[in-house]
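# Survey of secondary and tertiary structure
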Amino acid sequence: MAITTNGQLLGLTGKVGPVVTYQWRGKWITRSFAAKPKNPQTEKQQKHRMLFKQEVQLAGRMNWVLRETMDAIAAEHGMTACNYFIKRNKAAFSAEGDKLVVDWSALVLCEGPVAPVAFGTPEVVGGTTLSIAFEGNPQHLPADNYDRVQVFAYCPDIEMAFLAIPVYRREGRLSVALPELFGGHEVQLWGMVQDAAGRWSETIYIGCGPIEITAN
């Protein structure tokens, strides 16, 4: 912005090319004109916005879990858990036409320094209950037997998330009583470990279905 000391700019007021001239408090002011940003709505832009919208929707469906697993690290980056999840998982997202494709095995749901566990293959023990054995400390890292081991399940078909009740690392097996609505659908499973200080392990991908579970 500039103040003209000799009156109006060339005797004109209003918009003149890239500048605007007007009077304010008895002085003539000249400033650059703030052009309205262009929004050409190209096909590429529209596709990007559509895919981003789907990423936000996925994060929203997982939000209550992400608030548990990512709130602390997201705050370190000045972000919400959902925003951090989207940024952190760019490599796991791709497009097929106008549809979001997720590499579920690469999805990051938590991260941290806690020693992981090694999960075995889930077994159906009745109805919608899965039994999953795990090795408590496969990497022989410093770990506490009372670290909490959890399993997170997501069913893409019905867009529903589920977090199992945790067990202690020393127990070596976790039973996951999934909702009956999961029956007959593909289910994605991840594991994670949390210590007494609230820190997490890296995300541990267990696998996916279709896991043939049926209602009782």
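Residues numbered from 1 in each chain as written. Predicted model: local features only at pLDDT ≥ 70, side-chain atom pairs only at ≥ 80, totals over all residues. Heavy atoms only, no water.

## Considering the nonpolar core
Here is the rule we go by: In this text, buried Ala, Val, Leu, Ile, Met, Phe, Trp, Tyr and Cys residues form a nonpolar core when linked through side-chain atoms within 4.5 Å. Under the scheme applied here, a residue whose accessible area is under 20% of the maximum for its type counts as buried, over 50% as exposed, and between as partly exposed, the area being computed with a 1.4 Å probe on protein chains only. Numbering of helices and strands runs from the N terminus; a helix is a DSSP stretch of H or I covering at least four residues, while a strand is a stretch of E covering at least two. Residue contacts are counted whenever heavy atoms from the two residues lie within 4.5 Å of one another.
Grouped together as the largest cluster of nonpolar side chains are 30 residues, with contacts concentrated most on M62, L66, F85, L107, L109 and F152. Contributing elements (two or more residues each) for this core: α1 (43–61), α2 (63–69), α3 (71–76), α4 (81–88), β6 (99–102), β10 (148–155), β11 (160–163) and β14 (188–194). It is α4 that provides the largest number of residues to this core, a total of five residues. Setting aside chain neighbours within four positions, we find M62 in contact with F85, W104, L107, L109, F152 and Y154.

## Focus: the packing of aromatic side chains
Just so we agree on the cut-off: Planes of paired rings set the category: under 30 degrees apart is stacked, over 60 is edge-to-face and the rest tilted, where pairs are Phe, Tyr or Trp rings (Trp by its six-membered ring) whose centres lie within 6.5 Å.
Applying the stated rule across the entire model yields seven aromatic pairs. A connected cluster of aromatic rings, assembled from ring pairs, spans W104, F152, Y154, W190 and Y205.

## A short note on the environment of R199
Our working definition: N or O atoms within 3.5 Å of each other form a polar contact, as long as, within protein, one can give a hydrogen and the other can take it, and as long as residues adjacent in sequence are counted only when both atoms are side-chain atoms.
Turning to its location among the elements, R199 is positioned in the loop between β14 and β15 (204–208). Each C-alpha atom of the pair R199 and V114 lies 6.6 Å from the other, and the pair is 85 residues apart in sequence. In this structure the side chain of R199 is engaged in a polar contact, spanning 2.8 Å, whose partner is the side chain of D195.

## Points about the confidence of the model for the protein chain
For clarity, the threshold we go by: pLDDT is a residue-level measure of predictor confidence that goes from 0 to 100.
On average, the protein chain scores 85 in pLDDT, and the residues at 70 or more come to 82%. When mean pLDDT is compared element by element in the protein chain, strand β12 (residues 167–168) scores highest at 98, while strand β1 (residues 2–4) scores lowest at 46.

## Quick word on the pairing of β11
Operational definition: Here, a strand pair is defined by DSSP locating no fewer than two bridges between the strands.
Burial along β11 is one-sided: A161 and L163 are buried, and none of M160 and F162, which face the opposite way, are. The pairing of β10 with β11 spans four bridges and is classified as antiparallel. When the sheet's bridge partners are listed, C155 is paired in β11 with M160. Between β10 and β11, which follow one another and run antiparallel, lie four residues, and E159 among them has a positive phi close to 55°.

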